[in-house]
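Report on the structure
As a plain string of letters, each chain reads:
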Amino acid sequence: MIYADNAATTRISDSVFEKMLPFLREQYGNASSQYSLGTKAKRAIELARQQVAIAICAEPSEITFTSGGSEANSWVLRCISETHHNEQMHIITSAIEHHSVLNACRALELSGVEVTFLPVDNAGRVSVDGVKAAIKPNTKLVSIMLANNEIGTVQPIAEIGTFLKGKGILLHTDAVQAVGHIPVNVNDLQVDFLTASAHKFNGAKGTGILYKRSGLKLSPLVFGGEQERGLRAGTENVAGIVAAGYAIEESVGEMAETAKRLSIMIEATVTRIKEKIPSVRVNGDAECRLPGTVNLGFDGVLGESLMHLLDLKDVCVSTSSACNSGKDEPSHVLLALGLTEQQAKSAIRISYGKYNAINETNTIVDVICDAYVKIINNKKCPTSGVSSLTDKVKN
Ligand SMILES: *Cc1c(COP(=O)(O)O)cnc(C)c1O
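Just so you know, these numbers come straight off a predicted model, no measurement behind them.

Topic: the domain arrangement of the protein chain
In terms of domain boundaries, the protein chain breaks down into domain 1 (14-250) and domain 2 (255-378). Once you take the C-alpha centre of each, domain 1 and domain 2 turn out to be 28 Å apart. Each side of the interface is counted separately: domain 1 has 29 residues, and domain 2 has 24 residues. When the buried area of domain 1 at its contact with domain 2 is split by residue, His99, Glu150 and Ile151 rank highest and sum to 32% of it. One can count one salt bridge joining domain 1 with domain 2. Where Lys354 meets Glu250, a salt bridge forms, and the shortest distance between an N and an O atom there is 2.6 Å. Counting the contacts that link domain 1 with domain 2 gives ten residue pairs in polar contact (both at pLDDT 80 or more). Partitioning the side of domain 1 that touches domain 2 into residue classes produces eleven nonpolar, twelve polar and six charged.

So, helix H9 (residues 303-312)
Those residues of H9 not exposed but buried are Gly303, Leu306, Met307 and Leu310. Buried positions in H9, seen along its axis, are confined to an arc of 100° and lie on one side of it. Once H9 finishes, Asp314 follows within two positions and takes phi at roughly 60°, a positive value.

Things to note about the site of the ligand
Around the ligand sit 14 residues, and of these Ser70, Asp174, Gln177, Ser197 and Lys200 come closest. For the ligand, a nitrogen atom lies 2.7 Å from a polar atom in the side chain of Asp174. Separating an oxygen atom of the ligand from a side-chain N or O atom of Ser197 is a distance of 2.6 Å. For the ligand, whose free accessible area comes to 380 Å², the fraction covered by protein is 87%. By residue number, the principal contributor to the shell around the ligand is helix H3 (residues 69-83), which donates three residues. Here the residues of the shell around the ligand sort into two nonpolar, ten polar and two charged.

Concerning the pairing of strand S7 (residues 193-197)
Here S7 lies mainly inside the structure; five of its five residues are buried. Residues of S7 alternate between two faces, with Phe193, Thr195 and Ser197 on one and Leu194 and Ala196 on the opposite face, all of them buried. Across three bridges, strand S6 (residues 170-174) lies against S7 in parallel orientation. Following the sheet pairing, Thr173 is matched in S7 by Leu194. Pairing between S7 and strand S8 (residues 208-212): five bridges, direction antiparallel. Bridge pairing links Ala196 to Ile209 in S8.

Some remarks on the pattern of salt bridges
Following the criterion strictly, the structure yields 14 salt bridges and no others. The salt bridge partner of Asp14 is Arg11, with a shortest N-O separation of 3.0 Å. Owing to a relative accessible area of 43%, Asp14 belongs among the partly exposed residues under this scheme. Taking the relative accessible area as the measure of exposure, Arg11 reaches 43% and is therefore partly exposed. The closest approach of N and O atoms between Lys354 and Glu254, which form a salt bridge, is 3.3 Å. Placement of the pair is Lys354 in the loop between strand S12 (347-351) and helix H12 (360-380) and Glu254 in helix H8 (residues 238-276), with a sequence separation of 100 residues. Among the charged side chains, a network of salt bridges with common partners joins Lys42, Glu46, Arg49 and Glu228.

What counts and how
Residues numbered from 1 in each chain as written. Predicted model: local features only at pLDDT ≥ 70, side-chain atom pairs only at ≥ 80, totals over all residues. Heavy atoms only, no water. Domains from an automatic or database assignment. Contact = heavy atoms within 4.5 Å. Buried area = accessible area lost by both parts, 1.4 Å probe. Salt bridge = Lys/Arg side-chain N within 4 Å of Asp/Glu carboxyl O. Polar contact = N/O pair within 3.5 Å; in protein donor to acceptor, adjacent residues only side chain to side chain. Nonpolar A, V, L, I, M, F, W, Y, C, P; charged D, E, K, R; others polar. Buried < 20%, exposed > 50% of the residue type's maximum accessible area, 1.4 Å probe, protein only. Helix = DSSP H or I, 4+ residues; strand = E, 2+ residues; numbered from the N terminus. Arc of directions from axis to C-beta. Near = heavy atom within 4 Å. Areas by Shrake-Rupley, 256 points an atom, 1.4 Å probe, with all protein chains shown as cover. Pairing = 2+ DSSP bridges.

Structure, rendered in structure tokens:
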């Protein structure tokens, strides 16, 4: 099998798995318990918090563990607006956010919050001037993702952060696709809140990270005990948190090398597909993008058909994002780039990760091109099914 859908989720790193395993078996204590089985769990969580903090240049006290990226995103958006419940507040986001941000914003709209969904250019970039122009006296929060999950475009968050500094407007970034893959430094970015998710950087599923700049208020997400400084009650997912700590340390340590390899693989993939299918379209930004992700449009075929044919050959890619699949709607991200519905539906996303080998690119290219030719040929002779039937009858 070739797994090329690392933007949807990644395989847990072998060494990270070894580190987390004891916390599911021998070291299964509740981190709130006072005997050593519990205090050891507590210490493991605090080590992970430190590992995460170091990876994004934050302080451990600024890190809260959640159940995932979606939870962290929803938390920031929901609780910021709760804090300002007496005012008519305004939020700025982009049209290409992950659904955990977009749908949280839509829910806020229903409760009276004003939301601006900024457009993007045809490479998927939000313009800093666009953010500036959208600011209103009652703007309290700007939430724009660092890297897009469907096309890999990286946004100018540091520039936006610089502009917002001192204006009393908070900046949140969904960095789920970025952390562990490209350098992320909360001070360079000048963000107040940042979201990450362990299963996107070879950690385990079910552990997210919320960075909150020290001194900022955020109301608790879950009420109960004093876990996570009373912000998110409930017995901690110790093994998942331990995995998140080691996974972020490992992926940041390997980042330069992995990024170089993945971008070579992406370039080789695109170049070879272009040789065979010159009409292929690369959706997204050629310069400011994630090293391992590319979104390709194949006019005249459905991305979904390609994906299923690839699946038959044990190659995993996705149409748009995992969260959208199953619905027949074209990707909101691709539509925001200005593509037609048909063009948007012709796309597949290839996302390589650290467990992909360079030689897998050749197989992927061959399988994609074969599938493409098969679909196009079927279209050209719609009676081919009938003729093969008559052939059978003749025989
Ligand atoms: C995967 C993803 C999320 C959601 O993270 P989960 O941990 O799966 O909830 C949020 N934002 C982006 C950009 C993502 O790619």
